[in-house]
Amino acid sequence: MNAPHPQGLPRNEAAWLAHLELLAELPYPAPVLMPTVLAALRSGFNADFGGFGLVSGEHLQPVAYWTERMTVSALRALAVHQDEMFTEFPLRQQLESDGEVVRLIQTMPGYEDHWHYRDILGPLGMRWAMCVPVFDQQGGCDGFLYLYRRAESGPFSNAEQARLRAARDRLRSLHQHPPANLPPCPLRTAGTAVLNLDTSGHMLAKGQKAIELLYLCHDARMGMLDWAADDLTALPAPVRDMLQPLLATSTGTDVGLCSVDVAAGRFDFRAERLLATGTDQPQVAVTITHLEPTDITVARQLMNWPLSSQEKRLLIASVRQPTQQQLAEHLGITIGTLKSYINRLQAKLARPSRQAIIDMVLEHTSPAGA
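This section reports on the structure supplied with the text. The structure displayed is predicted, hence computed values, not measured ones.

## Side note on the nonpolar core
Nonpolar side chains in soluble globular proteins generally cluster together in the buried interior.
Then, number 1: The biggest cluster of nonpolar side chains holds 122 residues, and the ones touching the most others in it are L243 and F269.
Then, number 2: Broken down by element, this core gets its largest block of residues, 8 residues, from helix α2 (residues 30-42).
Then, number 3: Those residues in contact with F269 that lie beyond four places of it in its chain are C217, L235, P236, V239, M242, G256, L257, C258, V260, V286, T287 and I288.

## Concerning the side chain of E292
Then, number 1: Examined against the element boundaries, E292 turns out to sit in strand β9 (residues 282-293).
Then, number 2: In this structure the side chain of E292 is engaged in a polar contact, spanning 2.6 Å, whose partner is the side chain of T297.

## Side note on the sheet that holds strand β4 (residues 141-149)
Then, number 1: What the 4 strands build is an open sheet, ordered β2-β1-β4-β3; its pairing is antiparallel. If you trace the sheet from one side to the other, it starts and ends with β2 (61-67) and β3 (128-135), each paired once. Strand-to-strand twist across the sheet, computed as the mean angle between neighbouring axes with direction ignored, equals 20°.
Then, number 2: Sheet topology places β3 next to β4; 8 bridges connect them, and they run antiparallel. Its bridge partner being in β4, V134 is matched across the sheet by G143.
Then, number 3: Relative to the sheet, helix α8 (residues 158-168) contacts β3 and β4, its axis offset from that of β3 by approximately 30°.

## Digging into the pairing of β2
Then, number 1: Counted residue by residue, β2 has 5 buried out of 7 residues, so it is predominantly covered.
Then, number 2: Looking at chain direction, strand β1 (residues 49-56) and β2 are connected through 6 bridges and run antiparallel. Paired with S56 across the bridge in β2 is Q61.
Then, number 3: Between the end of β1 and the start of β2, which pair antiparallel, lie 4 residues, with G57 showing a positive phi angle near 80°.

Conventions we followed
- Residues numbered from 1 in each chain as written.
- Predicted model: local features only at pLDDT ≥ 70, side-chain atom pairs only at ≥ 80, totals over all residues.
- Heavy atoms only, no water.
- Core = buried A, V, L, I, M, F, W, Y, C linked by side-chain atoms within 4.5 Å.
- Buried < 20%, exposed > 50% of the residue type's maximum accessible area, 1.4 Å probe, protein only.
- Helix = DSSP H or I, 4+ residues; strand = E, 2+ residues; numbered from the N terminus.
- Contact = heavy atoms within 4.5 Å.
- Polar contact = N/O pair within 3.5 Å; in protein donor to acceptor, adjacent residues only side chain to side chain.
- Pairing = 2+ DSSP bridges.
- Axes fitted to C-alpha atoms, helices over the stretch in contact; angles between N-to-C directions.

Structure follows, in structure tokens:
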């Protein structure tokens, strides 16, 4: 059994909540952080996937949506029912009930015949959901978090709803404006995915990783489901322009290259014309390579490390290679305290420098006890 935490929480629970708070503090817009934050949040629940809707203003205008699991058919159904979604599941009710209305709706007679279950959750193998509104540091509602799971797991309980609210309360920094004076962050390859398009620009294949990268490369200025389209409109404008000549003819150059720099990092697109078997009609394979800011990668990797939140913050901020003065100011401590932290951290992890510790984190190596 875990030893009790001073605040009455088991140590693992307290560490999980503290790490959620740390992720929310990373200097990036909320949509950029949401895949990382949502995966960390879901790890604390018996849940198969999660979703996040970002809203703006007192009228709760939807501006962005991310989901960890989706199929082309479910995305199409969501697009078809988008207006009904906000009429039949009003965000205002979700806010005023602190998310309770979502659990209530799913227990009502006839729900399994409703389009929400029939066309979206059911085909994804899901039955139960719970929700909480997410608030900024001034108490305004900036979005809604959702968790989903299979029928055999049973509905989410009152205790689980309460834990989701506790987790939500650690995310208030998620919507703050990133500081403008941070040193640039180095990038590292975080993932690749391949899309196949026909001559009309329709996507013939799109895996879950491709869906995530399309979401991220739209940056924080995304529309509700721009990233989820199954044709060229899911791609940033420079990539669409690069693809047009490759799709329009089977002659000329066979390869196109393009890069897009956004808050989530750099996305390199390599398009190669292919000839489909038995036809002279070209297809195009598009490889997307995501180079992610390394501080996001390090923060994600540190989740289960036996370090304090301040030690984790020190390592994450060190990725940008600030001076000791900059690092101390960022952490809100003196140079003397910073040096003490660094010495203890290096001794604890048996590494000669902060960079050596960061390299260990990036190599997926965890110290004993993690």
